[in-house]
Amino acid sequence: MLSKEKSVKNQLLGFWRRHSLLCVLTGCLAPAALYLLLWPVQISPQKWIPLRAPALTGVYEQNHALTNISRIGQKYLPGSEDIAFDSHSSAWFGLKDGSIWRWSLNDNRPQMMLTLKGPIFGMAFDSENNLYIAAPKMGLMRIAPTLETKLLSAKEGGIRFGIVNDVDVAADGSVYFTDSSCKFGHERIYNEIMEAGPNGRLLKYDEQTNQTTLLQDGLHFANGVALGPNDAYLLVSEMTRYRIRRYWLKGPKKDYSDIFKENLPGMPDGVSFNKKDTFWVALYTTRSPALDSLLYPHPIFREMLFRIPSMFRPKSKPYGFVLGLAEDGTVTYNYQDPTGAFSPVSSVVEHQRYLYLGSTVQHGVGLFPIEPDY
Ligand SMILES: [Ca+2]
């Protein structure tokens, strides 16, 4: 009897020894798998299959034009997403801490002018030196030359702006701006990038009537906005679709929208026009094979990634990238920095044959002489 009990005991011990690892793994992995697959998330990603990313050859030939780019205001300007010039050629910088700085020709360093609540994402002057601000925590704002500050618009159609991102001003005083998300606020930018939904809007603010008008919704992370020649149209970057849209303001295509540039080699952020012949485009990141082939086509993987703590999520590769586009969308300038020393580039503004590069992360603003030989 005793030997039979001993035998059963030994069999159980043997089974445990043989399968203990399996039991432990099953006990740990099953809840982890259930968490990754089923835990509720705030995003509702939809399937999208991007076009094959263009190779960094030809018009996108890899180069080191922006490597070793010089910087200005390194001690004073951490995280200046955008730059704007007033009619006196003073440069104005909007920082992620809400401070706004001016650097005049006579100053040996930038001066802090005022501070708003939350980060500054976009800036543009009108002809009377009123500074319009895309301040995602507040909305669309205006700062008069006296520094008097006014909130102009915070919602449209009853929907509050989530991420007011960029702004430009037409010669007639109309103010055009983007809201990247009607669903998430600026503290949840990652959510909007992962959802990559049609939550962005292009809007117009009319100072005379104090009215905000929706020009186009359904945009995918509407980001940079820039008026084209004679204010005939606007360009709007759609960051999570790797493309730039054109919205016509005049002519036979008025109120019609089409694609200006498709399948860019990265995510477009700020767009500006040099008032002559070139649109400057800041590419925030290059294309990620994992995003293009796995995450965008398969929403379930985006949901799983969303459930992983942020510290364990893959980071985008630092890469400096600026494109110049002609009025027909042809690439005319291609400046890159594969080392990513000054990246991500969030805005590019031309002034007196220099490019000023903003970045949400870098200290100081990049300064680069325009050279056509890259
Ligand atoms: Ca932006």
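These numbers come from a predicted model, not from an experiment.

Focus on the overall build of the protein chain
A tally of helices and strands in the protein chain yields four helices and 26 strands. Once the C-alpha set of the protein chain is aligned to its principal axes, its extents read approximately 105 × 50 × 45 Å. Taking the intrachain contacts of the protein chain between residues at least 6 apart in sequence as the baseline, contacts between residues at least 24 apart amount to 51%.

Some thoughts on the sheet that holds strand β14 (residues 200–206)
Pairing within the open sheet is antiparallel, and its four strands lie in the order β12-β13-β14-β15. Bordering the open sheet on either side are β12 (164–169) and β15 (211–219), each of which pairs with just one other strand. Averaged over neighbouring strand pairs, the angle between their axes works out to 20° when direction is ignored. One ladder, built from four bridges, connects β12 with strand β13 (residues 175–179); its direction is antiparallel. If you follow V169 over to β13, its bridge partner there is V175.

As for the pairing of strand β4 (residues 99–103)
Counting buried positions along β4 gives four out of five residues, so the element sits mostly inside the fold. Judged from the four bridges that link them, strand β3 (residues 91–95) and β4 form a sheet pairing that is antiparallel. Pairing of W92 across the sheet is with R102, part of β4. Counted between consecutive antiparallel strands, the loop separating β3 from β4 contains three residues, among which G98 sits at a positive phi close to 90°. Here β4 pairs with strand β5 (residues 111–115) via four bridges, running antiparallel.

Quick notes on the pairing of strand β25 (residues 354–358)
Across the five residues of β25, four count as buried, placing the element largely inside the fold. Once strand β24 (residues 347–351) ends, the chain turns through two residues before running back antiparallel as β25, passing Q352 with a positive phi of about 50°. The hairpin formed by β25 and strand β26 (residues 365–369) contains six residues between the paired strands, and G364 there has a positive phi angle of roughly 90°.

Section: unusual backbone geometry
Following S343, the chain continues to P344 via a peptide bond in cis, the omega torsion being -5°. Located in the positive-phi region is F221, a residue other than glycine, with phi close to 50°. Mapped onto the elements, F221 comes out in the loop between β15 and β16 (222–227). For Q352, which is not glycine, the phi torsion reads 50° and is therefore positive.

So, the sheet that holds β25
Sheet strands pair by backbone hydrogen bonding; their relative direction is either parallel or antiparallel. Strand order in the open sheet formed by four strands is β1-β26-β25-β24, and the pairing between neighbours is antiparallel. Of all strands in the sheet, those bounded by a partner on one side alone are β1 (70–72) and β24. The mean inter-strand angle of the sheet, taken between neighbouring strand axes irrespective of direction, is 35°. Here β25 pairs with β26 via four bridges, running antiparallel. Following the sheet pairing, Y354 is matched in β26 by P369.

As for the nonpolar core
Core analysis: the largest hydrophobic core is formed by 78 residues, its most contacted members being I133, V167, F177, L234 and V322. If you tally residues by element for this core, the top one is strand β21 (residues 279–286), at six residues. Apart from the residues within four sequence positions on either side, I133 is in contact with G94, L116, I120, M123, M141 and I143. Counting five residues, the second-largest nonpolar core is a separate cluster that includes M194, A196, L291 and Y296.

Each value, and the rule that gives it
Residues numbered from 1 in each chain as written. Predicted model: local features only at pLDDT ≥ 70, side-chain atom pairs only at ≥ 80, totals over all residues. Helix = DSSP H or I, 4+ residues; strand = E, 2+ residues; numbered from the N terminus. Contact = placed C-beta atoms within 7 Å. Pairing = 2+ DSSP bridges. Axes fitted to C-alpha atoms, helices over the stretch in contact; angles between N-to-C directions. Buried ≥ 20, exposed ≤ 12 C-beta atoms within 10 Å, placed from the backbone. Core = buried A, V, L, I, M, F, W, Y, C linked by C-beta atoms within 7 Å.

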